[in-house]
Amino acid sequence: MALSPESEFVAHVLDIVDAIPPGRVMTYGDIAATLGSRGARVVGQVMARYGSDVPWWRVIRAGGHPPVCHENRALEHYRAEGTPLVPASVATTDAYRVDYASARWSPGE
DNA sequence: ACCTTGACCACAA
DNA sequence: CTTGTGGCCAAGG
């Protein structure tokens, strides 16, 4: 449910994600802000439904970690593209996290 | 017009 | 670190 394939929102989101260069990432919130909306969740839903055709691994959450159920797949892409990663400490449940401070990208850069 | 669902975000304890 | 709470937006029922 939610979001029609013809929606401008979907087209815009996919366009932005597709424009993210290798080794760079954006957060759902940043994409939403770029769209002029604060609907970070809507962006997530677009990814969930239409992300199959787009480099979704370059879209991460605000904390620097990829989608909860896709961290393993995303990691392979990150290694292949040379995305700056930060190895997590042994005491944390997170296997890794993206160096968001260095890898964050803005459209038109 | 109201309620439910989400690959979310930020803050507080 | 973990939970909880509230807020955000779009579409379906």
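- Under an unreviewed UniProt entry, the name given to chain A is DNA-binding protein, and the organism recorded is Cryobacterium tepidiphilum.

Details of the overall build of chain A
Right, on to step 1. If you tally the helices and strands in chain A, you get 5 helices and 4 strands.
Right, on to step 2. Reading chain A from its N terminus to its C terminus gives the helix and strand order α-β-α-α-β-α-β-β-α.
Right, on to step 3. Here the C-alpha radius of gyration of chain A, 14 Å, is about what a compact globule of 109 residues would show, namely 13 Å.
Right, on to step 4. Taken along its principal axes, the extent of the C-alpha atoms in chain A is 45 × 30 × 25 Å.
Right, on to step 5. Out of the 109 residues in chain A, the part that is buried amounts to 24%.
Right, on to step 6. Of all intrachain contacts in chain A linking residues separated by at least 6 positions in sequence, the fraction that spans at least 24 positions is 58%.

Quick notes on the protein's contact with DNA strand B
Right, on to step 1. Within the structure, DNA strand B sits among 19 residues, and Ala-48, Gly-51, Trp-56, Arg-61 and Ala-62 are positioned closest to it.
Right, on to step 2. Listed by contribution, the elements that provide at least two residues to the surface near DNA strand B are α2 (28-34) and α3 (40-50).
Right, on to step 3. Tallying contributions element by element places α3 first for the surface near DNA strand B, with 7 residues.
Right, on to step 4. Its residues assigned to classes, the surface near DNA strand B shows 11 nonpolar, 6 polar and 2 charged.

Concerning the nonpolar core
Right, on to step 1. Within the largest apolar cluster, 21 residues are counted, with the highest numbers of intra-cluster contacts made by Val-13, Val-17, Val-25, Ile-31, Val-43 and Val-59.
Right, on to step 2. Looking at this core, the elements with two or more residues in it are α1 (8-19), α2, α3, β2 (59-60) and α4 (71-81).
Right, on to step 3. Counting residues per element, this core draws most heavily on α3, at 4 residues.
Right, on to step 4. If near-sequence neighbours (up to four positions away) are discounted, Ile-31 is found in contact with Val-13, Ile-16, Met-26, Val-43 and Val-59.

Here is what the cut-offs are and how they apply
- Per-chain numbering applies: the sequence of each chain, read as written, is numbered from 1 onward.
- Here every chain gets a letter starting at A, and every ligand a number starting at 1, in the order they are written.
- With the structure being a predicted model, the display of local features is reserved for residues of pLDDT at least 70 and the display and counting of side-chain atom pairs for 80 or more, all residues being used for whole-chain, interface and lining totals.
- Per the convention used, a helix needs a DSSP run of H or I reaching at least four residues, while a strand needs a run of E reaching at least two, with both numbered from the N terminus.
- In this description the radius of gyration comes from C-alpha coordinates, and the expected globular size is given by 2.2 Å times residues to the power 0.38.
- Exposed residues have 12 or fewer other C-beta atoms within 10 Å of their own C-beta, buried residues have 20 or more, and partly exposed residues fall in between, where C-beta atoms are placed from the backbone.
- We call two residues in contact when their backbone-placed C-beta atoms lie within 7 Å.
- Near residues are defined by distance alone, with the backbone-placed C-beta atom required to lie within 6 Å of the molecule or strand.
- The nonpolar class holds Ala, Val, Leu, Ile, Met, Phe, Trp, Tyr, Cys and Pro. Asp, Glu, Lys and Arg form the charged class, and all remaining residues, Gly among them, are polar.
- In this description, a nonpolar core means buried residues of the types Ala, Val, Leu, Ile, Met, Phe, Trp, Tyr and Cys, linked to one another by C-beta atoms lying within 7 Å.

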